[in-house]
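This is what each chain is made of:
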Amino acid sequence: MASPLDSINIIREGAYLPATATLCSLIIFLWVLHRFSVQRKNRLGFRLPPGPFAWPIIGNLNQLKRLPHRDLHERGKKYGPIMMLKLGSVPTVVVSSSAMAKEFLKTHDNVFASRPQSAAGKHLAYNYKDMVLAPYGPYWRHMRKLCVVELLNAKRIESFSCVREEEMLLTVRSVWEMSGQGEKLVNLTNLFSSFTQAVMWRILSGTKISSQSDAQVGGNGEEIKKLAVEAAVTVGAVNIGDFIPYLDWMDLQGVKRRLKKVHNSIAQVIKKIIEEHEQRRMKLHKDKDKEQEQNAATKGLIDVLLEMESLDGKAITEENIEAIVFDIFLAGVETTSTTIEWPMSEILRNRGVAKKMQEEIESVVGRERAVSERDIGSMEYVQCVVKETLRLYPALPLLLPHESTQDCAVGGYFIPERSRLIVNAWAIGRDPSLWEDPLEFKPERFMGKKVDVVRDKDYFDMLPFGAGRRGCPGTAMADVTMNLALAQLVHCFEWSVDGDLDMTELFGVTTPRSVHLLARPALRLSTCP
Ligand code: HEM
């Protein structure tokens, strides 16, 4: 995956900086003018938050390290829980305490609910016509309501439990097969990716990702799997033009070109699958019996969207449907699979955690059958393992960037309009003033405590899903998927690794392990389910 630092190094080495002195003077003049205007704007009478010295043009871009969540955490120790950086010409507020995160994402949520403009939003995400990268306003509200109320409501998520359970059973069987019945190591990183892709694709389209019918219609599922990886790599690169707008037109790193290419390929696949659904619906409509049969079966979200003509009197266009399919697939897959990979790594390093999980699971389901989603409610320790993972390993350690839509005073500091907000969820989850032994993986810390990371809107001591208006709408779906996958894998198999595990991470769209997770399964149940 391209590292943000690779892109930043281009600037550090000076390879592309404008050469002529005139241009430099002009840029410095504009920079001074800009600083002056920011200071003048401060009619609220507060100072800007503290932060390191920012160079003209590049600001602090050249100082960011390969793992920015760790780097910003270290800097936060010097400058405090609100720090101001300049990324290129973009004023950027970095927040790294629970109390300050609450100020920004709850008290002043309405001011910080927008997203900054970016090449990814323009060229990949349907020119901001998706939900994830759309600026705050009526269009985003329409899309968010459609997604939260119609697609990801509790009843709908529950209706897909059979999809998740079936895909998990297929995954367990493929583990056993791939390992040569316990002889060989299995690549769990790839396995979790395939599992979450299969679940999300089936929930959207109603078809298996590599089923025969899918293959007959051109293998849309397989195609989108490859494209999702490509999109993640491209979005993971820092685009210089997003931070130094007057260099944007040059597309120095070729990011815009790659984004456009990936967008066109993804849009084509999504368009095709929507057209196929439309045609099938028309055919079924003619055959009433089959239509009833289809209605009784679980529908994919694309069918749900096609059946709805409007929401609150506003039409649901084909572009809306395409963008929502795009968002749910891309936002739901990597985040969930990364969050399953880390607790499996901890379980492999800590036999005691696996043992406690197995004892609890067996007390609920015995050894003769696989775990179902209904069982999870009775498994407090398994749920604590998931919570502890979300605390220590948030898949998006800096959430997604927010942007302020007006001047604002927060925590005694002035935050100018159009500042970028970065909330360091990784640092908050490891804050020693909130957590005892913060760096240790101890699921027991949540036992007997009513901590509801998914639904409690007032809980800011860990923020794996963000909070407020832009908080993740897929939390409930992610929660059931992760709990089921972990319980099933630990119940069916005893896992072992060769040697010590490397626990370092990469920073890209999500924060996966830097080295794929390989482990050997030994069957615990009498037969593979
Ligand atoms: C463990 C899994 C997941 C994690 C850790 C996660 C985390 C996040 C985070 C941190 C954000 C940004 C919040 C912010 O900007 O303040 C977000 C946004 C979002 N997530 Fe998730 N997510 C997960 C799974 C999912 C799933 C399964 C779906 C869909 C079914 C989903 C859909 C979205 C969408 C659409 C947004 C954008 C919301 C908006 O901008 O209005 N996520 N997620």
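Residues numbered from 1 in each chain as written. Predicted model: local features only at pLDDT ≥ 70, side-chain atom pairs only at ≥ 80, totals over all residues. Heavy atoms only, no water.

- Looking at an unreviewed UniProt entry, the protein carries the name Cytochrome P450, with the source organism given as Cryptomeria japonica.
- Taken verbatim from the UniProt record of the protein, the Subcellular location (unreviewed entry) comment is "Membrane". (UniProt positions renumbered as here; feature names shortened; annotations may be inferred.)

**Overview of the overall build of the protein**
Part 1: Scanning the protein from terminus to terminus reveals 21 helices and eleven strands.
Part 2: Out of the 529 residues belonging to the protein, those deemed buried represent 55%.
Part 3: Long-range contacts, defined as pairs at least 24 residues apart, comprise 75% of the intrachain contacts of the protein with a sequence gap of at least 6.
Part 4: Accessible surface for the protein amounts to roughly 23700 Å². Of this, 54% is attributable to carbon and sulfur atoms. (Helix = DSSP H or I, 4+ residues; strand = E, 2+ residues; numbered from the N terminus. Buried < 20%, exposed > 50% of the residue type's maximum accessible area, 1.4 Å probe, protein only. Contact = heavy atoms within 4.5 Å. Areas by Shrake-Rupley, 256 points an atom, 1.4 Å probe, with all protein chains shown as cover.)

**Description of the coordination of the iron atom of the ligand**
Part 1: For the iron atom of the ligand, the protein contributes exactly one donor atom, C472 (SG), at 2.3 Å.
Part 2: Inspection of the secondary structure assignment puts C472 in the loop between α20 (425-429) and α21 (475-492). (Donors = N, O, S within 2.8 Å, 3.2 Å for Na, K, Ca; no water.)

**Some thoughts on the sheet that holds strand β11 (residues 518-523)**
Part 1: Taking strand neighbours across the sheet as the criterion, the three strands line up as β3-β11-β10 in an open arrangement whose pairing is antiparallel. Only two strands of the sheet have a single neighbouring strand rather than two, namely β3 (186-187) and β10 (493-496).
Part 2: With four bridges joining them, β10 and β11 adopt antiparallel strand pairing. Looking across to β11, one finds that S496 is bridged to R520. (Pairing = 2+ DSSP bridges.)

**Here we look at the sheet that holds strand β6 (residues 402-403)**
Part 1: Spatial strand order, β1-β2-β9-β6: four strands in an open sheet with mixed pairing. Single-partner strands in this sheet number two, and they are β1 (82-87) and β6.
Part 2: Summarising the sheet, β6 and strand β9 (residues 420-423) pair through two bridges and their orientation is antiparallel. Within β9, the residue paired with H402 across the bridge is L421.
Part 3: The sheet strands contacting helix α3 (residues 68-79) are β1, β2 (90-95) and β9, and the helix crosses β1 at an angle near 125°. (Axes fitted to C-alpha atoms, helices over the stretch in contact; angles between N-to-C directions.)

**With respect to helix α6 (residues 138-151)**
Counting along an α-helix, one turn takes 3.6 residues, and residues three or four places apart therefore face a common direction.
Part 1: Between its terminal C-alpha atoms α6 stretches 19 Å, which fits the 20 Å expected from 14 residues at 1.5 Å a residue.
Part 2: Listed as buried for α6 are W140, H142, M143, R144, L146, C147 and L151.
Part 3: Where α6 is buried, its residues touch α7 (154-159), α15 (301-307), β4 (310-311), β5 (314-315) and α16 (318-349). (Expected span 1.5 Å × (residues − 1).)

**Here's the deal with the side chain of R430**
Part 1: Along the chain, R430 turns up in the loop between α20 and α21.
Part 2: Although R430 is buried, it forms no salt bridge, and the closest oppositely charged side chain is E505 at an N-O distance of 6.4 Å.
Part 3: Ignoring sequence-local partners within four residues, the contact set of R430 consists of R391, L392, Y393, W435, P438 and L439. (Lys, Arg positive; Asp, Glu negative; His and termini not counted. Salt bridge = Lys/Arg side-chain N within 4 Å of Asp/Glu carboxyl O.)

**Points about unusual backbone geometry**
Part 1: Its identity is not glycine, yet D251 carries a phi of approximately 45°, on the positive side.
Part 2: Looking at the secondary structure, you find D251 in the loop between α12 (240-243) and α13 (255-286).
Part 3: Judged by its relative accessible area of 17%, D251 falls in the buried class.
Part 4: Of note in the backbone geometry, D437 takes a positive phi value of approximately 45° without being a glycine.
Part 5: When you line up the elements, D437 lands in the loop between α20 and α21.
Part 6: Assessed through its relative accessible area of 34%, D437 is described here as partly exposed.

**Examining the layout of surface pockets**
Part 1: By volume, the largest pocket is sized at about 1100 Å³.
Part 2: The wall of the largest pocket is formed by 41 residues, among which V454, R455, K457, T475 and A476 lie closest to the centre.
Part 3: For the lining of the largest pocket, the elements supplying multiple residues, two or more each, are α4 (98-107), α6, α7, α8 (161-178), α18 (373-376) and α21.
Part 4: Here the lining of the largest pocket gets five residues from one element, more than from any other, and that element is α21.
Part 5: The class makeup of the residues in the lining of the largest pocket is 19 nonpolar, nine polar and 13 charged. (1 Å grid on protein atoms, 1.4 Å probe; cavity = no way out; pocket = protein on both sides within 12 Å on 5 of 7 lines; lining within 4 Å. Points joined across faces, edges and corners; volume = space filled by probe spheres on them. Nonpolar A, V, L, I, M, F, W, Y, C, P; charged D, E, K, R; others polar.)

**Remarks on the side chain of S97**
Part 1: Its place among the elements puts S97 in the loop between β2 and α4.
Part 2: Taking relative accessible area as the criterion, S97 reaches 14% and is therefore assigned buried.
Part 3: Polar contacts involving the side chain of S97 include one to the main-chain amide nitrogen of M100, which spans 3.1 Å.
Part 4: Not counting the four nearest positions on each side in its chain, S97 is found in contact with P81 and I428. (Polar contact = N/O pair within 3.5 Å; in protein donor to acceptor, adjacent residues only side chain to side chain.)

**As for α8**
Part 1: Here α8 is 18 residues long and its end C-alpha atoms lie 25 Å apart, about the 26 Å a rise of 1.5 Å per residue gives.
Part 2: The complete set of buried residues in α8 reads S161, V163, R164, E167, M168, T171, V172, V175 and W176.
Part 3: Within two residues after α8, G180 carries a phi angle of roughly 60°, on the positive side.

**Here's the deal with the site of the ligand**
Part 1: Among the 27 residues in the neighbourhood of the ligand, the closest are listed as R115, R144, H402, R470 and C472.
Part 2: Between the ligand and R144, the relevant distance is 2.9 Å, taken from an oxygen atom to a side-chain nitrogen or oxygen of the residue.
Part 3: When residues of the shell around the ligand are assigned to their parent elements, the largest contribution, six residues, is made by α16.
Part 4: Here the shell around the ligand is built from residues that sort into 17 nonpolar, seven polar and three charged. (Near = heavy atom within 4 Å.)

**Some words on the pattern of salt bridges**
Part 1: With the rule as written, the count across this model stands at 28 salt bridges.
Part 2: A salt bridge links R202 to E166; its shortest N-O distance comes to 3.1 Å. Of this pair, R202 sits in helix α9 (residues 188-205) while E166 sits in helix α8, and the two are 36 residues apart along the sequence.
Part 3: Between E362 and R524 there is a salt bridge, and its shortest N-O distance comes to 2.3 Å. Note that E362 is positioned in helix α17 (residues 351-365) and R524 in the segment after β11, a separation of 162 residues in sequence.
Part 4: Salt bridges sharing common partners tie together R351, E362, R367, E494 and R524.

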